[in-house]
Every structure is written in C-alpha cells, then in structure tokens.
Amino acid sequence: MKNNQTFAVWALVISMVFDGYLWFLIFSAAPVEASAYYFLDIGQGDATLLVFPGNVKLLIDGGPDAAVVDKMSEILPSHDRYIDLMLMTHPQQDHMGGFPEVLKSYKVGAFLGTGRTAPIGSYAELMGGLAKRGVPYIGLEEGDRIRYGDIIIDVLSPNKSLMASDELNDTVLVLLAHDQGVRSLFMADAGSNVESLLASKYNLDADILKVGHHGSRFSSSAAFLAEVTPKISMIEVGKNRYGHPTPTALARLVDARSLIYRTDQDGTVALKIEKGKISIFK
C-alpha cells in the first residue's frame, strides 16, 4: 500500500461484526518505537495528527479550512502523501472544513465518522470528494474499536440516544487511546452532560486530555477532571468571539494540577510517546 516504505499494512479496511459491534482493524507487524501526537495550530478548531510506529497516520478532525494541509506539510516529508485514517468527530465547520483540502493533497485509506450530516457546503464537498476518490466511509459509535498492533482506540461515545439529540455537540465521537501504556482522551466538543454520562460508565483516567470544546465553560467540569486527572491538557483554539478558552475552564484545569498547552499561544504542540513515557519535542 505504501510502496516507498518497508512497513506494510495488510488489509486496509477489514470490518467484522461481533455481537452487534463493529470492530475496525488494521493488521500490521509494526516495530516497537515512538508514537507522535501533533495538536495542530490551525486557528479556532480541532485538528490532531497521530503518527504511530510504522508511520501509520490518523487525522482526527480537519480544522476550519486549508490551514490543516499547511501544518501537516510542516511535519510530514514532501514525499509522504498518504493518510491511513481520517476521522470526523462531528460535522461542524471548525472540525471538518479542512478535510476537502486534505483529500486534494493526500491519498486517504478510509474515512471514519458517525454518519451525522450537516447542511453546509463544506460537508457536501467532503462527501463528494470521498465518493470521487473511492474512500470508504465507516460509521462508528460507542463500543467500536480501532486496533493497530498493540495500540487500541476505544470509541466511548456517542450511543444511539445521544445520536438522536438535536444538539450536535452531543453526537461527537469521544475517543480513548491506549498507546504503550499511555492513555489519551479526545473529547471533541463534548459538554458536561456527555462528560457526566461517560464518567458514570467508564474509567476515564488519562495521561493526556484533548480538552472539550476549546475550553468552553460548558466543558471540563470539576467532577469530570477529578475522574480524568490529566497530566497534560491540550486546548486546540484560535482567535474567536466565544471567549475560548474561558477563565472558568482554565481555572478548573489549574485546580486539577494539569500542565496546560494551548495552540493559540504555543503553536503546534507535539508529544512523543515511547515506552510509557511522554515528552514534548516541539
């Protein structure tokens, strides 16, 4: 699949249904080495590039516009034009507006989402781009799992009840990654109601927290942070009219004794995960 790499992923997309659950699997023989998580500075929005051992790449959200392509070009070599998985947590412009540009610049193995639609031009452009390029769309919901070697990404939300909500932020994909002993929780734009629901069902303890809703006052509740106890909290945010990140959310993160990074002040932040240890390398 990647002719210029010795690493091989066999079976790009293998879908199996067990007991009503979809398990999305990528099989590989990846060596044990470091993963790199890039929280991209793309303005007001979310875009996170995860690069796993063997150069397998997962792009979670695409930011509001083409800035995501520029930022990825600063990270990836010019000859590396392949994204294994592209995942949309929910169809809002600040999370998916850049995906059509990614499709123009990179080959994409598969697209992951909830199936929720949106009446905006960039969504229609994205769906058209996927169809034109033959990129499969795979729907995810609570209980699904992405597995690559020993790396596991569990889908904690949404369930069918949340998917029926009129509030789009209730329908976001919430992900918990297990990577070499490090747990990373990606909250997309989930609010405190989703946080409470997840805390009642799951062990949310995590080393890295992608802070919900850009530091909105309606996310990152004190009770939720007490469950997560994040060592590092990443806020993906840019210039905005909403006051994100809000002083109340920042204060709660400080009270949780979490190390806080924010892309509007720190630019793109890169974390290396190797043998259970986390380090900042950019």
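Notes on the structure in this doc start here. (Residues numbered from 1 in each chain as written. Predicted model: local features only at pLDDT ≥ 70, side-chain atom pairs only at ≥ 80, totals over all residues. Heavy atoms only, no water.)

## Observations regarding the overall build of the protein chain
Quick note on the threshold: Each helix is a run of H or I in the DSSP string that is no shorter than four residues. Each strand is a run of E no shorter than two, and both are numbered from the N terminus. Accessibility here uses a 1.4 Å probe with only protein chains present; expressed as a share of the type maximum, an area under 20% marks a residue as buried, one over 50% as exposed, and anything in between as partly exposed.
On a plain count of helices and strands, the protein chain comes out with nine helices and 17 strands. Looking at the protein chain as a whole, 56% of its 282 residues qualify as buried.

## Focus: the environment of Y137
Where we set the bar: The contact definition used throughout considers only heavy atoms, calling two residues in contact when any of these lie within 4.5 Å. Nitrogen and oxygen atoms within 3.5 Å of one another constitute a polar contact, given that in protein one can donate a hydrogen and the other can accept it, and given that sequence-neighbouring residues count only through two side-chain atoms.
With respect to the helices and strands, Y137 occurs in strand β8 (residues 137-139). The sequence separation of Y137 and M127 amounts to 10 residues, and the corresponding C-alpha distance is 9.1 Å. Setting aside its immediate chain neighbours within four residues, Y137 contacts M88, F111, G113, T114, G115, M127 and L130. A polar contact is formed between the side chain of Y137 and the backbone nitrogen of G115, at a distance of 2.9 Å.

## Regarding the sheet that holds strand β5 (residues 56-60)
Strand pairing within a sheet occurs via backbone hydrogen bonds; the two strands may be parallel or antiparallel. Our working rule: Two strands qualify as a pair provided DSSP detects at least 2 bridges between them. Here, axes are lines fitted to C-alpha atoms. For helices the fit covers the stretch in contact, and angles between N-to-C directions go from 0 to 180 degrees.
Pairing is mixed across the open sheet formed by eight strands, whose spatial order is β8-β7-β6-β5-β4-β3-β16-β17. Lying at the two open borders of the sheet, with one neighbouring strand each, are β8 and β17 (277-280). Strand-to-strand twist in this sheet, taken as the mean axis angle between neighbours without regard to direction, amounts to 20 degrees. Bridge count for strand β7 (residues 107-113) against β8 is three bridges, and the pairing is parallel. Opposite L112, over in β8, you have I138 as the bridge partner.

## Thoughts on helix α8 (residues 247-255)
Put simply, the rule is: Of all possible arcs, the one meant is that of the directions from the helix axis to the C-beta atoms.
Looking only at α8, the buried set comprises A249, L250 and L253. What you see down the axis of α8 is that its buried residues fit within an arc of 100 degrees, all on one side. Those residues of α8 that are exposed and angled more than 90 degrees off the buried face are P247, V254 and D255. Phi turns positive one or two residues past the end of α8, at R257, with a value near 60 degrees.

## Brief notes about the pattern of salt bridges
What counts is decided by this rule: Salt bridges, as used here, are contacts in which a Lys or Arg side-chain nitrogen is within 4 Å of a carboxyl oxygen on Asp or Glu.
One pass over the structure, following the stated rule, counts 10 salt bridges. Here D80 ties to K57 by a salt bridge, and the two come within 3.1 Å at their closest N and O atoms. Linking D80 in the loop between α1 (67-75) and β6 (82-87) with K57 in strand β5, this pair joins segments that are 23 residues apart in sequence. We classify D80 as buried; its relative accessible area is 5%. The class of K57 is buried, set by a relative accessible area of 1%. Here E274 and K272 are joined by a salt bridge, their closest N and O atoms 3.7 Å apart. A residue is classified by how much of its surface remains accessible, and E274, at 33% relative accessible area, is partly exposed. Because the salt bridges share partners, they merge into one network encompassing E101, K104 and E125.

## Brief notes about helix α6 (residues 192-199)
Taken together, the buried positions of α6 are V194, E195 and L198. Viewed end-on, α6 has its buried residues packed into an arc of 105 degrees, placing them on one side of the element. Structurally, α6 contributes buried residues whose contacts are with β10 (151-157), α5 (160-163), β11 (174-179) and α7 (222-228).

## Some thoughts on the packing of aromatic side chains
We apply this condition: Centres within 6.5 Å make a pair out of two Phe, Tyr or Trp rings, where for Trp the six-membered ring is used; the pair is then stacked when the planes are under 30 degrees apart, edge-to-face when over 60, and tilted otherwise.
Under the counting rule described, the total for this entry stands at seven aromatic pairs. Centroid distance F99 to F111: 5.6 Å. Interplanar angle 85 degrees. Geometry classified as edge-to-face. With a gap of 12 residues between them, F99 in helix α3 (residues 99-105) and F111 in strand β7 connect regions that are remote in the sequence. Note on accessibility: F99 and F111 belong to one class, buried. Taking the centre distance of 5.3 Å and the plane angle of 50 degrees together, the rings of F111 and Y137 count as tilted.

Keep in mind that these numbers describe shape and distance, not what the molecule does.
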